[in-house]
Amino acid sequence: NFLLLSGNNLIPNFSIMNFISRYGNEFYYKCEKYETQLLGKYQMYNAITAINAAELLKKSGAEITLKNIKNGLKVAKWPARFEVLSKEPLMIFDGAHNVNGVMRLRENIINYFRDKKLVILMGVMADKNYQEMLSLILPYCKKLYTEFAVNRRYANGNKLFTRSRNVFADKI
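Everything numeric here is computed off the predicted structure, so don't read it as measured data. (Residues numbered from 1 in each chain as written. Predicted model: local features only at pLDDT ≥ 70, side-chain atom pairs only at ≥ 80, totals over all residues. Heavy atoms only, no water.)

A.B. asks: Whenever I open this one, the environment of cysteine 141 confuses me. Can you help?
C.D. replies: Summarising the element assignment, cysteine 141 is placed in strand 9 (residues 141-146). Cysteine 141 sits in the buried class, given a relative accessible area of 1%. Between the C-alpha atom of cysteine 141 and that of leucine 118, which follows or precedes it by 23 residues, the distance is 4.8 Å. (Helix = DSSP H or I, 4+ residues; strand = E, 2+ residues; numbered from the N terminus. Buried < 20%, exposed > 50% of the residue type's maximum accessible area, 1.4 Å probe, protein only.)

A.B. asks: Please clarify how the packing of helix 3 (residues 99-113) against helix 4 (residues 130-137) should be interpreted in this entry.
C.D. replies: The interhelical angle for the contact between helix 3 and helix 4, taken along N-to-C directions, is 5°, at an axis separation of 9 Å. Comparing their axes, helix 4 and helix 3 come out roughly parallel. Contacts between helix 3 and helix 4 involve Val99, Val102, Met103, Leu105, Arg106 and Ile109 from the former and Glu132, Met133, Leu136 and Ile137 from the latter. Across the contact of helix 3 with helix 4, the residue classes tally to eight nonpolar, no polar and two charged. (Axes fitted to C-alpha atoms, helices over the stretch in contact; angles between N-to-C directions. Parallel < 35°, antiparallel > 145°, perpendicular 65-115°, else oblique. Contact = heavy atoms within 4.5 Å. Nonpolar A, V, L, I, M, F, W, Y, C, P; charged D, E, K, R; others polar.)

Take a look at the structure:
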């Protein structure tokens, strides 16, 4: 199943993808079922890129089997990318460090937690667009804690607190 976009770019139809839990995903690509611990729709795109790369390597003579590919995806880990640190209590770590990363984080929150409000700890570098990052993440917060760090590039936790309080005073 593919959607054809402009030009020759084929994009997978993710309506056939199943999120099986907050701890792993399964999806179908080229009539094969794959599993991964990596969470989020964007990780399915990454997995498909890896599958295609492995298939190209195989055509070039590399000894790669379908079993190798499936096992590699199943055991792949990417620390700090919507990583489940604890199941009880549920604790997820995401190192989103720019607006695009926070957009993917927000997408995951919507997909995995729907209407739940979360407790979020946030720290960010001062040279990042943290106002936009806050506007993306705060609607999903029950509480927001700002982090302090001893680093001249780090945004002051008080400044994050003040900016977020101005927008969502009842959640801080």
